[in-house]
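# Residue-level structure breakdown
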Amino acid sequence: MDISSIAGSSLLMQGGQTQQDLTTTMVKQAADQQNKLATMLAQNAQQAPQPATQSDSSFNFSTYA
């Protein structure tokens, strides 16, 4: 193998490594965003008003639909 082919192979490997690093970073960012969204939805569900419990009357009216 001559020096130019070794250098070319090295550059290709570095480019592939850079692409893999960028892909990994993007996947981590997407996972972080999904985690934040899930946390926000969970907090929103906890803060939502709950329907009234059933009473002794035979008619119940709920505004939650």
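Residues numbered from 1 in each chain as written. Predicted model: local features only at pLDDT ≥ 70, side-chain atom pairs only at ≥ 80, totals over all residues. Heavy atoms only, no water.

## Some details on the overall build of the protein chain
So the rule is basically this: Numbering of helices and strands starts at the N terminus; helices are DSSP runs of H or I of at least 4 residues and strands are runs of E of at least 2. Throughout, the Shrake-Rupley method with a 1.4 Å probe supplies accessible areas, and for residues the shown protein chains are the sole cover considered.
Counting secondary structure elements, the protein chain contains one helix and zero strands. Summed over its atoms, the accessible surface of the protein chain is roughly 6,300 Å², and 59% of this surface lies on carbon and sulfur atoms.

## Observations regarding a nonpolar patch on the surface
Under the convention used in this document: For patches, a residue must show more than 30% relative accessible area and have no salt bridge; joins then use 9 Å for like charges and 5 Å for nonpolar side chains, namely Val, Leu, Ile, Met, Phe, Trp and Tyr. The rule for a salt bridge is simple: a side-chain nitrogen of Lys or Arg has to be within 4 Å of a carboxyl oxygen of Asp or Glu. Here the term buried applies to any residue with accessible area under 20% of the maximum for its type, exposed to any over 50%, and partly exposed to those in between, with areas from a 1.4 Å probe on protein chains only.
A cluster of nonpolar side chains, namely L37, M40 and L41, defines an oily patch on the protein surface of about 320 Å² accessible area. For L41, the position within the fold is in helix 1 (residues 3-47). A relative accessible area of 53% places L41 in the exposed class.

Distances and angles like these do not, on their own, reveal function.
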